[in-house]
Amino acid sequence: KDITLKVALKTGEYIKQYCPDVDVIYTRSSDVSVSLLKRAQIANKKDADLFISIHCNSTSSTSPCGVETFIMGEHRNNSNLEVAKLENAAILHEDNAAEDYSDFDINSPEAYIMLSFFQSEHKNASLDLADRIQNQLVERVGRKDRGVQQAGFLVLYKTSMPSVLVEIGFLSNPEEEKFLASEDGQTYIASAIFRAFRDYKNDYDKNNDNDTDNDTDSD
């Protein structure tokens, strides 16, 4: 929670500095707990254009390492399912979990199949952003590439905009934990996420400008 907060704040500061026309909204800006559902509600209430959820990975083994970026969808392998289960297990510490998630069973494969039906409207845009983030983390920061994946995440399924979940590394891997805990490591990760966002935004703005010009020409 400390590492992800620092990376999120650094990412936001880069966006504020280099994209001053963008309003950055944090689901938390201090060491507080925010439910998975509340995070989506914050984004929806503010009518956000993008939702980026930053996480650290972990397994029972010290060997796995690398970065992966997820969008909402159906898991293609057990590894993706386990990541989703790990992240969704946060609801076990929430007071109103049964009410907020309709008794969602984090261990039920059927529950994840149901989740995979959400976000289809924004799937292509989410995939575009995820690809950009993954590429920056691998090509510019030199992290091991675990790919862009799909899985059922409770933090994503009720967002009403393109949404991604970024696993920035494994705390269970000693070498990667050291990198993530370092100031340089957090700066590299944050700048990579920022660059991906900036490029996504620039292309989005350019395409929208072209659409507007085409509309004007047709008149």
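Every chain's residues receive numbers from 1 upward, in the order its sequence appears when written. Per-residue local features are limited, in this predicted model, to residues with pLDDT of at least 70; the limit for side-chain atom pairs, both in listing and counting, is 80 or more; totals at the level of whole chains, interfaces and linings are taken over all residues. In computing side-chain values, all of the structure's heavy atoms are included and hydrogens and water are not.

K.L.:
Help me out: how do you make sense of the overall build of the protein chain in this one?
P.N.:
Each helix and strand counted, the protein chain has eight helices and four strands in total. Only runs of H or I of at least four residues qualify as helices and only runs of E of at least two qualify as strands under DSSP, and these elements are numbered from the N terminus. Overall, the protein chain shows an N-to-C arrangement of helices and strands of α-α-β-β-α-α-α-α-β-β-α-α. Here the contacts in the protein chain between residues at least 6 apart in sequence split such that 79% fall between residues at least 24 apart. Computed with the Shrake-Rupley method and a 1.4 Å probe, the accessible areas treat only the protein chains shown as cover for residues. With the model as given, the accessible surface of the protein chain reaches about 11,800 Å², and the carbon-plus-sulfur share is 45%. Should any heavy atoms of two residues lie within 4.5 Å, those residues are counted as being in contact.

K.L.:
Would you explain the side chain of R28 in this entry?
P.N.:
As for its placement among the helices and strands, R28 is situated in the loop between α1 (2-18) and α2 (36-45). A polar side-chain atom of R28 sits 3.4 Å from the main-chain carbonyl oxygen of S30. Residues contacting R28, with those up to four places away along its chain left out, are K1, T4, L5 and V34. Polar contact is defined as a pair of N or O atoms within 3.5 Å, subject to the rule that within protein one atom must be able to donate a hydrogen and the other to accept it, and that residues adjacent in sequence are counted only when both atoms are side-chain atoms.

K.L.:
How should the pairing of strand β4 (residues 163-170) be read in this particular structure?
P.N.:
In regular strands, side chains alternate between the two faces of the sheet. Counting buried positions along β4 gives eight out of eight residues, so the element sits mostly inside the fold. Two strands form a pair only when DSSP identifies at least two bridges running between them. Pairing analysis gives three bridges linking strand β2 (residues 67-72) to β4, with the strands arranged antiparallel. Considered in β4, the bridge of F70 is made with L165. Relative accessibility thresholds used throughout: buried, under 20% of the residue-type maximum; exposed, over 50%; partly exposed, between the two (1.4 Å probe, protein chains only).

K.L.:
Looking at this structure, I do not really get the pattern of salt bridges. What am I missing?
P.N.:
In a structure, side chains of opposite charge can pair up when their charged atoms sit close to one another. Basic side-chain nitrogens of Lys or Arg form a salt bridge, by our definition, when they fall within 4 Å of a carboxyl oxygen of Asp or Glu. The tally for this structure, following the rule as stated, stands at 11 salt bridges. Its salt-bridge partner being R146, residue E68 comes within 3.6 Å of it at the nearest N-O pair. Separated by 78 residues along the polypeptide, E68 in strand β2 and R146 in strand β3 (residues 145-151) bring together distant segments of the chain. Put simply, K1, D2 and D31 are held in one network by salt bridges that share partners.

K.L.:
Any chance you could explain the nonpolar core here in plain terms?
P.N.:
Grouped together as the largest cluster of nonpolar side chains are 28 residues, with contacts concentrated most on V7, I133, L137, V164, I168, L180 and I189. Mapped by element, the contributors of at least two residues to this core are α1, β1 (51-57), β2, α6 (123-140), β4, α7 (174-181) and α8 (183-218). Broken down by element, this core gets its largest block of residues, eight residues, from α8. Sequence-distant contacts of V7, defined by excluding residues within four places in its chain, comprise I54, I168, Q186, I189, A190 and I193. One finds L36, F51, A84 and Y157 within the second-largest nonpolar core, a separate group that totals 16 residues. By nonpolar core is meant a set of buried Ala, Val, Leu, Ile, Met, Phe, Trp, Tyr and Cys residues that side-chain atoms within 4.5 Å join together.

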